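Now for the letters of each chain:
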Amino acid sequence: RDNKIVFWRDMNANTVSATEPNYQIEIMDGDGSNVQLLRKDWQNLSDFFTTPSINANGDVAFVFFYSQRPQGLVVLPKSRMMISPDTMKVLASRMPNCVAPAWSPDGKWLAYVKNDINNPGIYIATPDLSQTYVVFEPPVGASLYTVAPSFSPDSKWLTFSTNDGSVWICDIAGTTPRRLTGPGVDAYPAWSHGTAK
């Protein structure tokens, strides 16, 4: 709605003596202006914030890293990104092993990959994360890439890929998963959001 782009940057990338990255989330206008770093205290943090997705209300879904590994999925309004790291850890612990978030175009759903050996899959959640359910479980012998699934423009379908080189689609209820390509070498599909002419 407000033509914002959200992305993550390694704040240590230009430091010659950097021994580890420091991933932080930034937002900018669609023309590249008005870049805003969401954590003003990033120099004092060993915590990372990666793979963000933002909805029209300004809610940012992202993966919170600490202890050098992804801990879980967090959703916060961009105005609350300065909450304490301890509070962030509590929020991430509620969604462990959840990565690669993607907001639906209508803002009603958040899709993500659950990177869990026992319950892997593509999941859907309500914006407040109070309700979650699985819409796709990879077939035996395949796993999901930890890349955000892509919503159709009407927010009713998802596309994603499995590590056996297959591209899939399924509806957000999870009732109609269908392999479109593969097995082979296909990966990282994204739905076009352009308007038809």
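Residues numbered from 1 in each chain as written. Predicted model: local features only at pLDDT ≥ 70, side-chain atom pairs only at ≥ 80, totals over all residues. Heavy atoms only, no water.

1. Here's the deal with the sheet that holds strand S1 (residues 4–10)
Selection criterion: We treat two strands as partners when DSSP finds at least two bridges between them. The way it works is that DSSP assigns letters per residue, a run of H or I at least four long becomes a helix, a run of E at least two long becomes a strand, and they are numbered from the N terminus.
The sheet built from 3 strands is open, its strands ordered S1-S2-S3 with antiparallel pairing. Unpaired on one side and paired on the other, S1 and strand S3 (36–37) mark the two borders of the sheet. Pairing of strand S2 (residues 23–29) with S3 involves 2 bridges; the strand directions are antiparallel. Residue pairing in the sheet places Glu26 in a bridge with Leu37 of S3.

2. Describing the environment of Leu45
Under the convention used in this document: Two residues qualify as a contact provided that any one of their heavy atoms is within 4.5 Å of a heavy atom in the partner residue.
On the secondary structure map, Leu45 appears in the loop between S3 and strand S4 (48–54). Along the sequence, Leu45 and Thr87 sit 42 residues apart, while their C-alpha atoms lie 14 Å from each other. Ignoring any residue separated from it by four or fewer positions in sequence, one finds Leu45 in contact with Asn22, Arg39 and Pro85.

3. A closer look at the pattern of salt bridges
Note the cut-off: Salt-bridge detection follows one rule: a side-chain nitrogen of Lys or Arg within 4 Å of a carboxyl oxygen of Asp or Glu. Three exposure classes are used, based on accessible area relative to the maximum for each residue type with a 1.4 Å probe and protein chains only: buried under 20%, partly exposed in between, and exposed over 50%.
What the rule picks out here adds up to 3 salt bridges. Here Asp41 and Arg39 are joined by a salt bridge, their closest N and O atoms 2.9 Å apart. A salt bridge links Asp164 to Arg179; the nearest nitrogen and oxygen atoms lie 3.3 Å apart. With Asp164 in the loop between strand S12 (157–162) and strand S13 (166–171) and Arg179 in strand S14 (residues 178–181), this pair connects stretches of sequence that are 15 residues apart. Note on Arg179: relative accessible area 34%, which makes it partly exposed.

4. Description of the packing of aromatic side chains
What counts here: In this analysis, rings of Phe, Tyr and Trp, with Trp reduced to its six-membered ring, are considered paired at centre separations within 6.5 Å, and the interplanar angle assigns stacked below 30 degrees, edge-to-face beyond 60, and tilted for intermediate values. Geometrically, a lysine NZ or arginine CZ counts as sitting over a ring once it is within 6 Å of the ring centre and also within 35 degrees of the ring normal.
Tallied over the full model, the rule gives 9 aromatic pairs. Judged by centre distance (5.4 Å) and plane angle (35°), the rings of Phe49 and Phe64 are tilted. Here Phe64 lies in strand S5 (residues 59–66) and Phe49 lies in strand S4, a separation of 15 residues in the sequence. Of the two residues, Phe49 and Phe64, neither departs from the other in class, the shared state being buried. Taking the centre distance of 4.6 Å and the plane angle of 50° together, the rings of Phe136 and Phe160 count as tilted. With a gap of 24 residues between them, Phe136 in strand S10 (residues 132–136) and Phe160 in strand S12 connect regions that are remote in the sequence. With respect to burial, Phe136 and Phe160 carry one shared label: buried. Ring pairing ties together the aromatic residues Trp8, Tyr23 and Phe48, which thus form one cluster. Over the ring of Tyr123 we find Lys114, and its NZ or CZ is 5.5 Å from the ring centre.

5. Looking at unusual backbone geometry
Geometrically, the link from Gly182 to Pro183 is a cis peptide bond, its omega value of 0° lying close to zero. As for its position among the elements, Pro183 is in the segment after S14. Of note, the phi angle at Thr51 is positive, near 40°, even though the residue is not glycine. Here Thr51 lies in strand S4.

6. Here's the deal with the nonpolar core
Heads up, the condition is: Only buried residues count toward a nonpolar core. Its members are Ala, Val, Leu, Ile, Met, Phe, Trp, Tyr and Cys residues joined through side-chain atoms within 4.5 Å.
Formed by 18 residues in total, the largest nonpolar core has its most connected members in Ile122, Ile124, Phe136, Leu158 and Phe160. When residues of this core are traced back to their parent elements, those giving at least two are S5, strand S7 (98–103), strand S8 (110–114), strand S9 (121–125), S10, S12 and S13. For Phe136, the residues in contact, after removing those within four places along its chain, are Pro120, Gly121, Ile122, Leu144, Phe160, Thr162, Trp168, Cys170 and Pro177. Core analysis: the second largest hydrophobic core is formed by 17 residues, Leu38, Tyr66, Leu76 and Ala92 among them.

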